[in-house]
Amino acid sequence: MINVGLYYRVKEGHEKEFEEAFSKVVSILKNSDIGFIDAKLYKRVDDPREYLIYSEWKDLESFRKFILSKDYKETTTYGKTILEGRPYHKIFQEINA
């Protein structure tokens, strides 16, 4: 299993829209068979326009397939309308399992 932290800064006034889009995407991913396990959304305490999506994937290959998919590209295209700057991600592997 791997974990991916996806970091976003949302344009002012689009916070609720971002949170709702996250819920929809997670629901779709949970009902697909692509190696997605789960995700949680976190909002930065001292800057509520910054978010972290912490996701769990079966393996690195599953995540890589997802970020190359048509659905991911459509999501990122939409995201450009409500995000400030370019989002980034970091991939982690649990070592104390």
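Look up a bit, the structure's there.
This report concerns the structure included in the present document.

Definitions and cut-offs
- Residues numbered from 1 in each chain as written.
- Predicted model: local features only at pLDDT ≥ 70, side-chain atom pairs only at ≥ 80, totals over all residues.
- Heavy atoms only, no water.
- Pairing = 2+ DSSP bridges.
- Helix = DSSP H or I, 4+ residues; strand = E, 2+ residues; numbered from the N terminus.
- Axes fitted to C-alpha atoms, helices over the stretch in contact; angles between N-to-C directions.
- Polar contact = N/O pair within 3.5 Å; in protein donor to acceptor, adjacent residues only side chain to side chain.
- Contact = heavy atoms within 4.5 Å.
- Buried < 20%, exposed > 50% of the residue type's maximum accessible area, 1.4 Å probe, protein only.
- Phe/Tyr/Trp six-rings, centres within 6.5 Å; stacked < 30°, edge-to-face > 60°.

### Structural notes on the sheet that holds strand 1 (residues 2-9)
For step 1, the next point in the chain: Ordered in space as 2-3-1-4, the 4 strands form an open sheet in which the pairing is antiparallel. Only two strands of the sheet have a single neighbouring strand rather than two, namely strand 2 (36-43) and strand 4 (88-93). Along the sheet, successive strands turn relative to each other by an average axial angle of 20 degrees, direction set aside.
For step 2, the next point in the chain: One ladder, built from 8 bridges, connects strand 1 with strand 3 (residues 50-57); its direction is antiparallel.

### Focus on the side chain of Ser55
For step 1, the next point in the chain: Relative to the helices and strands, Ser55 resides in strand 3.
For step 2, the next point in the chain: Polar contacts involving the side chain of Ser55 include one to the side chain of Trp57, which spans 3.0 Å.
For step 3, the next point in the chain: Filtering out sequence-adjacent residues up to four positions away, Ser55 remains in contact with Ile2, Asn3, Val4, Leu6, Phe36, Asp38 and Ala39.

### Regarding the pairing of strand 3
For step 1, the next point in the chain: The alternating pattern of strand 3 places Tyr51, Ile53, Ser55 and Trp57 on a buried face, while none of Glu50, Leu52, Tyr54 and Glu56, on the opposite face, is buried.
For step 2, the next point in the chain: Pairing analysis gives 7 bridges linking strand 2 to strand 3, with the strands arranged antiparallel. Paired with Ala39 across the two strands is Ser55, which belongs to strand 3.
For step 3, the next point in the chain: What sits between the antiparallel neighbours strand 2 and strand 3 is a turn of 6 residues.

### Notes on the packing of aromatic side chains
For step 1, the next point in the chain: Applying the stated criterion to the full structure yields 7 aromatic pairs.
For step 2, the next point in the chain: Measuring from centroid to centroid gives 4.7 Å for Phe18 and Tyr51, while their planes differ by 45 degrees, and the two rings are tilted. Linking Phe18 in helix 1 (residues 15-30) with Tyr51 in strand 3, this pair joins segments that are 33 residues apart in sequence.
For step 3, the next point in the chain: Between the aromatic rings of Trp57 and Phe63, the centroid separation amounts to 5.4 Å while the plane-to-plane angle is 65 degrees, which identifies the pairing as edge-to-face. Each of the two residues, Trp57 as well as Phe63, counts as buried.
For step 4, the next point in the chain: Members of the aromatic cluster, connected to one another through ring pairs, are Phe36, Trp57, Phe63, Phe66 and Tyr72.

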